[in-house]
Structures are given as C-alpha cells and as structure tokens.
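Residues per chain, in single letters:
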Amino acid sequence: MLAGIRNFAKSWPARILMGLLAISFVGWGANQVGVSAVAGDWVVKAGSRTVDSQAFKREYDNQKKRIEQQQGQPITPEIAEQNKLDTMVLQGVATREAFSELLQKAGIRPSDKLVLDQIEKIPAFFDPISGRFDKKTFQQRLGENGLRPQEFDAVLRDEMATQHWAVSVQNGLAVPRSYGALASVFALESRDLSYFVLTPGSVPAPPKPTDAQLQAFIAENKQALTVPETRIITVVPFTPQGAQAASTAPIDPAELAKRYQFRKDTLSKPETRTLVQIPVKDQAAAQAAAARLQKGEAPAAVAKSLGVDAVTYDEKPLTAVADRKVGQAAFKMQAGQVAAVQGDLGLAVVKVVTITQGREVTLEEARPMLEAEIRKDMVAEKVYAQTQAYDDAHQGGATLAEAAAKAGVAAQTIGPVSAQGVDDQGRQLQGFPPKILETAFGLPPGGESEITDLGEGAYFAVKVDRILPPHVRPLEEIRGELTQAWTQREIVKALEAKANDLEARIKKGESLDAAAASAGVSVVRVAGLTRQTAQSHPELGREILARAFASKPGESWVGRAPNGIAIGQVGNVRMDAGPTAAQIAEQQRGELTQALFREMAEAAQTYARAKMKVKVDAARARAAAGFEPLEKKGAAEKKK
C-alpha cells in the first residue's frame, strides 16, 4: 500500500514548484537546526543539524497521517513495519537536512525581513475578526502542531532557501529543440498492426489434476496460499446506537428551560453596528476630528490627515470590537452620532454609521434543536453508565461476557479474522472499526483490553479468545479453487507452447495469415496505430501495445492479450512532420526540461548527503516509530 510513496525523498522539487509554504507544511515537521537534542539522542546528523528521537517521531506520525488520508484507511503498525515506513521517513529527513545544510553553507539564506513578510502572509495566522496577521493566533497554530516559533522559523527559512535555489536553477534552463523534435517523432509515429489471438478454446482442456499434482502446486505457491495469522475475538461494544432506548424517554421541561436559558444568547442574533474608530492623541485632536466627522467628511480622509488609519467595523456585534470600552460606548450611541471615547487602548473618536437590531430566539423556535441535543446527551450518559457498570462488574471478578450482560450489552464473537479485517474465507469485514482489530492484535492469547474510546461517543472492550498462526488450509478445503487455478495454469502453458511454435514457423518464412489459419483463427489488422490513439483500443491490452511499439517492422512476437495469447507483426511505420509535430515538439521540450531539472535536483541531493557526511541511526528511528528492536524481534520469532 505504501509502495507509491517510497520515492518521497526525491519528491521535494515538485513540492517547491507548487508554491510557497502554506500552513499544511507544518504538519510535515520541523527542522531541528539550532535545537539541542538530549545528550546522545540523535536520529539524523547532517553537519551542524541534529534531529532527535522526539522530532523524528513527530515527522513519522505526521507522514503516517498524511498517507492514511491519501489512502482513506488507517495504517496498522504491522503494515507500517512491513513497508518500512520508518526507513522511508528516515531517508527523507536525512536528505532534506543534508540539502538544507549545504544551502546554508553556500550562503543561500533568506533575510529576517523576507521570513517575517512571508509569515505575515500565511492565512492560518490571521485574526478572524481583523483579517490581519495576529501573533497570538500564530503561536496558537504552532502549538497545535507541536512547534515553537524558532522551530517554525527554521522550517520556513529552509523552504525559502530551497525555493530560491530551485528558481535560480530553472531560470534559463531549457533542453535543445532537437530533444523536443525526437519526442514528437516518438509520439506521432504510426504503425500498421497485424495479430491473431489464441484463446483457451485453441488448446485441449487438461485432464483433472491428481492429488499429487495439487500438493505440488501448493508447494510451489505456498506463500500465496498461506493464510495470515487470524484471531477469534470477543468484542463488547458500547455505542450510541445500542443505547438509543434512552433517547425515547420524555424530556424534562425544567431541563429544556435550563438549556434554553444557557443557549439563548448564542442562538439569538445579536445587535450589530457599522462604526468607524479613529485613534487620536489628545482631546483637542478628538474635538477637531469629531467636528469634521459631524460635518460629513469621510472618516478615511480625517484619519489620514492625522497620520493614522481608521478602523472600520462593518455589521459587527459588540464582542467584535477590539477595545472593550470603545465598544460599550459605541453600542449606547445613536446612528449618525459621533463621540470621543477614552478606551482601554487609548483615546479615539467613534462614529456610528448604521444599527441593525438583534433578535432573540424563542423557546419554541429553539425546541427541536435543544431537544435533539438533550436526547444526544441522554444517549451519551447511557453509554457512560454502561461502561461504568461493565467496569464495576469486571473489577468485581465477572468474566468479560458476564460483565457485558450486567451492563446490558451483548458481547459479540468475531473471527477468525486477520489484522486487515479479512476472514478465513478471504472476505473483508464491512464496517468493522480498524481500531478494534489494532487493539486485539496487540494483545497476547487470552488478553483483554481496557475500555477504549472508539470515537463519536462509542467505546469497546475486546478479548483474544484464540490465535491461529499462519497456515495453508488443507487440500480438501481448497480443492475446488485450487483445481481451477491449476487448470488455468496448464491452459496458459499449452497456449504459450502453441504460440511459440507458431511464431517459430513465422520466423522461418510462413505468413501470419497462414499460421492463423492453421490454428483456426483470423488475423486482425489495425491501421495507423499511434501512441496517442492506443487508448481507443482497449481490446489490445498493455502487452500487445508495448510489443507493437517496441518491435521492428516485420518482426514477429508473442504477447499476452486480455483473452489469450497473441502472435503479431508490425509493418508500414510512418512519421508525421506536419504542424502537430511542431506543436508537440515544443510541448515535449518543456516536459523534458522539467525532467532534466528533477534529475539535477536528485543529483544535488545525492551530493549533499555525501558532502555533509550524513549519519542516520536506524535503530533509534525504529524505536521512535514504536517498533520493537530487530534483535528482540528476531529472538521472539525464534521462540515461536
């Protein structure tokens, strides 16, 4: 599942070209330059840079989350370990740090002003009211991502330095026009294809396999036929769906009234006002500004003449006014009124432009929503009561099933099932929460979990009743499907042998039509086949198309077709030298330039890792990712 992202370490040039840093980059992690690690605790060293275990774990966790979002499903520790996710992240971090260190030593570092300007342009750091950069919001967002301002500063500096390098390399970079011309010839080349297909009906059906043949087939395909470890588990679910009876109980009118009083202000529409606030230095300036506003002069012009900016609140409630005292005074004034107000932040002249009256929601209007909230709370309380009853009974000595019964919850036995949610018949369990499987496969035989949060108001407890080790099912259980697979293999072997024999005859001089006639089939001809029109021929299949464009005129070949084995030839190869060729040539030139830049970037990364003498500690990276040490894991497997 992770194969598609194994080349992450080489993908940063593409990321550079997507645009300047956005707040989502914070999720990838922070450069640890200048951050002292615990003595001796390092995972990556690149010159003056060190990434410790804690920082690497953040990198690993964020990358794992990103892949899970892309794949639309969780990644279990077993899958992550099998696909060496820790190694992939380790190599990506090492490459990034090495290249950033190389750029720093080369003097490619953005100035403090550039970094500050860029930070103040990131929308995630804007105050929602003023729409401007806000230091508190900045610090809050960084805290949510486990970063400090100096760490984010290092991330941004590295990203900007990398972008500056990329732009400087790309400016003026272009491959020769002859490269685009060659690509155009390649794209517009047309060929006449002739082929015929041997289908399963072209060879005799093989006899029914013997047990010895099937056993040999099992031995040859043991890995593919091995059923992974499965477990039989008992699950006790505490879910809102299971506690729905609680939501049908009558709602206490007193509780409804209490909820209404508590929520009335938030549900109602508050009074809003459009007002203008002009900061002034003293009372004399305030009186002069107020007089000019009362005469109808534009607030912006008045503020500009005083060397300040006017602050405008457009249809905002009282809570949106930054200066509390200014807001309280403004919301007591009449529309069109102007007044000088001494606020918490200084003296200001305020003009109320418009007033929009608020509206208080009634109990009857809010009743449906409030009742739904109360019923949801009743269900949540019922679920909590069930978990408490289960826990009390279990702590008192009751078995998992007995404790579930006392809590009014039905225990469910599931399995055998694999860690990926597949049963012993190869069927995927539908709608079964992966977290339950992840918990169950982390328990020993007979082990029980604590009550665990499943999210969305649900909880569960799970017990491992039995563990079935990896095994190959007995022949009698899989005889039917095994016989079918063996028969298909024998038919393919016979088809390949016959196709190779016919191709040998064609190479000796027999025509394609004669060879097809001897097999009782007809030749199919496709004229003017190009790489651009290949997609309109799905009946050919990938292998036939690949053979058609790779072979020389008159050369015979054998390839797999969607419905059998094909024998074919290509003839009459033509080139297009018209306007389309010129257009494609220029287009391909741009794509080839990008490919050249990617190769240069990869070479630069390789050079950086060698030049900076990067060191990585795979064992610490593995431990930070939460995997067992290889030595301990190997010893445990030997005991099994």
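Scroll up to find the structure this text is about.
Residues numbered from 1 in each chain as written. Predicted model: local features only at pLDDT ≥ 70, side-chain atom pairs only at ≥ 80, totals over all residues. Heavy atoms only, no water.

S.K.: Account for the sheet that holds strand β14 (residues 524-530), with residues named and values stated.
M.R.: If you trace the 4 strands from one edge of the open sheet to the other, you get β14-β3-β16-β15, paired in antiparallel fashion. This sheet does not close on itself; its edge strands, each paired only once, are β14 and β15 (557-561). For this sheet, the mean angle separating the axes of adjacent strands, direction not counted, is 35°. Here strand β3 (residues 190-198) runs beside strand β16 (residues 564-574); their pairing, made up of 8 bridges, is antiparallel. When the bridges of β16 are listed, D192 appears paired with G571. In the packing of helix α18 (residues 475-507) onto the sheet, contacts are made with β3, β15 and β16, and the angle to β16 comes to roughly 35°. (Pairing = 2+ DSSP bridges. Helix = DSSP H or I, 4+ residues; strand = E, 2+ residues; numbered from the N terminus. Axes fitted to C-alpha atoms, helices over the stretch in contact; angles between N-to-C directions. Contact = heavy atoms within 4.5 Å.)

S.K.: Requested: an account of unusual backbone geometry, with residues and values cited.
M.R.: Following G415, the chain continues to P416 via a peptide bond in cis, the omega torsion being 0°. With respect to the helices and strands, the residue P416 is situated in strand β10 (residues 412-418). The residue K613 is not glycine, and still its phi comes out positive at about 50°.

S.K.: Explain the nonpolar core to me, using residue names and the numbers behind them.
M.R.: Ranked by internal contacts, the top residues of the largest apolar core, which has 34 residues, are V44, F56, Y60, L85, V89, W165 and V614. Mapped onto this core, the elements with two or more residues apiece are β1 (44-46), α2 (53-71), α3 (77-82), α4 (85-105), α7 (149-170), α21 (579-611) and α22 (618-624). Core analysis: the next-biggest nonpolar cluster, separate from the first, contains 16 residues, V203, L502, A516 and V523 among them. (Core = buried A, V, L, I, M, F, W, Y, C linked by side-chain atoms within 4.5 Å. Buried < 20%, exposed > 50% of the residue type's maximum accessible area, 1.4 Å probe, protein only.)

S.K.: Got a sec to walk through the pairing of strand β6 (residues 272-279)? Specific residues and values, please.
M.R.: The buried count for β6 comes to 7 of 8 residues, which makes it a mostly enclosed element. Across 8 bridges, β6 lies against strand β9 (residues 346-356) in antiparallel orientation. Residue pairing across strands places V276 opposite K351, the latter belonging to β9. Bridge analysis of β6 against strand β7 (residues 311-316) gives 4 bridges, and the strand direction is antiparallel. Residue pairing across strands places R273 opposite K316, the latter belonging to β7.

S.K.: I'd like a rundown of helix α9 (residues 211-220), residues and numbers included.
M.R.: Residues of α9 that are buried: L214, F217 and I218. The buried side chains of α9 occupy one side of the element, clustering within an arc of 100° when seen end-on. For α9, exposure combined with an orientation more than 90 degrees from the buried face picks out A212, A219 and E220. (Arc of directions from axis to C-beta.)

S.K.: So what about the pattern of salt bridges? Which residues, and what values?
M.R.: Once their charged atoms are close, side chains differing in charge can pair, the charge on each being opposite to the other. All chains considered together, the criterion is met by 38 salt bridges. E371 is the partner of R367 in a salt bridge, and the nearest nitrogen-oxygen pair spans 3.5 Å. Of this pair, R367 and E371 both sit in helix α15 (residues 363-395), 4 residues apart, which is roughly one turn of that helix. Exposure remark for R367: the relative accessible area of 25% places this residue in the partly exposed category. If you follow the salt bridges from partner to partner, you end up with R49, E59, R96, E97, E101, K105, R109 and D158 in one network. (Salt bridge = Lys/Arg side-chain N within 4 Å of Asp/Glu carboxyl O.)

S.K.: Would you mind going over helix α20 (residues 541-550) in detail, with residue names and values included?
M.R.: Given 3.6 residues per helical turn, the α-helix brings residues three or four places apart onto the same face. For α20, the complete set of buried residues consists of G541, I544, L545, A548 and F549. Looking straight down α20, one finds its buried side chains confined to an arc of 125°; they lie on one side. Facing away from the buried side of α20 by over 90 degrees, the exposed positions are R542 and A550. Each element contacted by the buried residues of α20 is listed here: β3, β14, β15 and β16.

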